[in-house]
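What follows is each chain in one-letter form.
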Amino acid sequence: MDADFSLESHGVSPVQAKFTPVQGLIGGMTLGAGAAAVALLTGRVAGISGFCHGLVSRSPDWRWRGLFVAGLMSGGALYNQFDPQQLPVHRGESERATLLRMAGSGLLVGLGSVIGNGCTSGHGVCGLARLSPRSLFHVLTFMSIGCLTAKLTDPVAALEPKIARDTREPIWSHPSLPSTNAEKGAIFFTLSLVCLSIPALMAGARWASSVKPRASATATMVETAKASYYASHATAFITGLMFSGGLVLSGMTDPMKVASFLDVGKPYWDPSLAFVMVGAIGVAMPAFARLVKWKKLGRGPLLPGETNRVPPASWAVDKNLFIGASLFGAGWGLGGVCPGPGLVQVGAHPTDVVPIVFAASMLVGMRAAYPAAHFLRLM
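Below is a short write-up of the structure. Computed from a prediction, not measured in an experiment: that's the story for all the values here. (Residues numbered from 1 in each chain as written. Predicted model: local features only at pLDDT ≥ 70, side-chain atom pairs only at ≥ 80, totals over all residues. Heavy atoms only, no water.)

A look at the overall build of the protein
Point 1. A count of helices and strands for the protein gives 15 helices and zero strands.
Point 2. Taken over the C-alpha trace, the protein has a radius of gyration of 20 Å; the compact-globule value for 379 residues is 21 Å, and the two agree within 12%.
Point 3. Looking at the protein as a whole, 54% of its 379 residues qualify as buried.
Point 4. Taking as baseline every contact in the protein between residues at least 6 positions apart, the subset at least 24 positions apart corresponds to 82%.
Point 5. As displayed, the protein offers around 16300 Å² of accessible surface, 67% of which is attributable to carbon and sulfur atoms.
Point 6. Of the side chains in the protein, 30 bear a positive and 19 a negative charge, and the two mean positions are spaced by 17 Å. (Helix = DSSP H or I, 4+ residues; strand = E, 2+ residues; numbered from the N terminus. Rg over C-alpha atoms; globule rule 2.2 N^0.38 Å. Buried < 20%, exposed > 50% of the residue type's maximum accessible area, 1.4 Å probe, protein only. Contact = heavy atoms within 4.5 Å. Areas by Shrake-Rupley, 256 points an atom, 1.4 Å probe, with all protein chains shown as cover. Lys, Arg positive; Asp, Glu negative; His and termini not counted. Charge placed at Lys NZ, Arg CZ, Asp CG, Glu CD.)

Take a look at the structure:
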């Protein structure tokens, strides 16, 4: 491998396989707080693949989606300044092979997330928090296919051969707690961001709902709509930042960590991501329960003018869901990256070809999903 492409040349020390349950739980809770804020304030499901697809296909609310993505990428740039170890770029022994792997991974993730209508955030966090059987089927499918793909393609050995070669003792038996100043600083910053952002977003909702009456009812409606527009778009960017913090803390921005989770049975198997899901679902679940209750009462989300877009829990399982989840799981298992972490990585390393190749391939897959599905008569 060319020395110019080493982790050290990017200011990152060599990666070690570590089981990080505390960081995973805190990161997951941060993700859950972001999903809850998006749901309660705007009535949306925080599905990052859906936000990306709507952005590239120029859906009517593409500006909102673009601000959320901008928040994700800005968070990547910010966190990379003080904890770059959480945002490594793995190249393996051959950069060309790694680029091909990431291109294939991104393409499959993009195709699968659109055909299956969701990813780890939309189905995994929000869907399970809504107790949706449809989302549970999707999660079980992409997890199974992801594990199978990891077994067949050995992404840990491809991305970090030293870890695959040298790890002898099971890492899950030795949990690693936050110890470095960078790790502690990242946790402190993220918790501060959440504790400051949630009250600020709630204050924005109250401001948008309390516009003073104007000379006419029409003028009052216009002013309320403007206030809600600004508050909603601020919510998009701030929750994108919160999501980036949760992804970095949880380790999901490290493809090797995700690959280690999927490669069950190896000494480097890392169950940290299970703690991420527990934390995220536990925080998001009460918010979605409240939205369901509001919908039955005919009440919308907190921001005026927004509608409750959260679908009811569904048992509908079809071939599109299965095929999409399978494609997504194959891409996830191949490269260890899904939409949110991929975008955070681009924000952290905007001139690095590896994350750019993944993100570009993912967006190509999203754009090609509908034509491909119609050609194959899936949609």
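Concerning the packing of helix α4 (residues 95-115) against helix α13 (residues 319-335)
Point 1. With their axes 7 Å apart at the nearest point, α4 and α13 run at an angle of 155° to one another. The angle between the axes of α4 and α13 places the two elements in the roughly antiparallel class. In this structure, the crossing between α4 and α13 has a hand that is left-handed. For the pair α4 and α13, contact is made by Arg101, Met102, Gly104, Ser105, Leu108, Val109, Leu111, Gly112, Ser113 and Ile115 and by Asn320, Gly324, Leu327, Phe328, Ala330, Gly331, Trp332, Leu334 and Gly335, respectively.
Point 2. By residue class, the composition of the contact of α4 with α13 is 10 nonpolar, eight polar and one charged. (Axes fitted to C-alpha atoms, helices over the stretch in contact; angles between N-to-C directions. Parallel < 35°, antiparallel > 145°, perpendicular 65-115°, else oblique. Left-handed = near helix turned anticlockwise from the far one by under 90°. Nonpolar A, V, L, I, M, F, W, Y, C, P; charged D, E, K, R; others polar.)

Observations concerning the packing of aromatic side chains
Point 1. Under the defined criterion, the tally for this structure stands at 12 aromatic pairs.
Point 2. Ring geometry for Phe19 and Phe275: centres 5.8 Å apart, planes at 55°, overall tilted. Here the residue Phe19 occupies a position in the segment before α1 (21-42), and Phe275 occupies one in helix α12 (residues 272-296), the gap between them amounting to 256 residues.
Point 3. Of the residues examined, Phe275 reaches a relative accessible area of 34% and is grouped as partly exposed.
Point 4. Between Phe51 and Trp64 the ring centres are 5.2 Å apart and the planes differ by 70°, which places this aromatic pair in the edge-to-face class. With Phe51 in helix α2 (residues 48-56) and Trp64 in helix α3 (residues 62-82), the pair connects residues that are 13 residues apart, well separated along the chain. As far as burial versus exposure is concerned, Phe51 and Trp64 are alike and both buried.
Point 5. Positioned above the aromatic ring of Trp62, the side-chain terminus of Arg58 is 4.1 Å from the ring centre.
Point 6. Note that Arg299 overlies the ring of Trp294, its terminal NZ or CZ placed 4.1 Å from the centroid. (Phe/Tyr/Trp six-rings, centres within 6.5 Å; stacked < 30°, edge-to-face > 60°. Lys NZ or Arg CZ within 6 Å of the ring centre and 35° of its normal.)

Quick look at helix α6 (residues 133-153)
Point 1. In this model α6 runs 30 Å from its N-terminal to its C-terminal C-alpha over 21 residues, within 8% of the 30 Å that 1.5 Å per residue would give.
Point 2. The set of residues buried in α6 consists of Pro133, Arg134, Ser135, His138, Val139, Thr141, Phe142, Gly146, Thr149 and Ala150.
Point 3. Once α6 ends, the next one or two residues include Asp154, with phi positive near 50°. (Expected span 1.5 Å × (residues − 1).)

Some words on the pattern of salt bridges
It is possible for side chains of opposite charge to pair when their charged atoms get near one another.
Point 1. Tallying each qualifying case throughout the model produces 10 salt bridges.
Point 2. Taking the shortest distance from any N to any O, the salt bridge between Glu183 and Lys18 comes out at 3.5 Å. Of this pair, Glu183 sits in helix α9 (residues 181-209) while Lys18 sits in the segment before α1, and the two are 165 residues apart along the sequence.
Point 3. Taking the relative accessible area as the measure of exposure, Glu183 reaches 9% and is therefore buried.
Point 4. On the basis of relative accessible area, Lys18 is assigned to the partly exposed category, the value being 29%. (Salt bridge = Lys/Arg side-chain N within 4 Å of Asp/Glu carboxyl O.)

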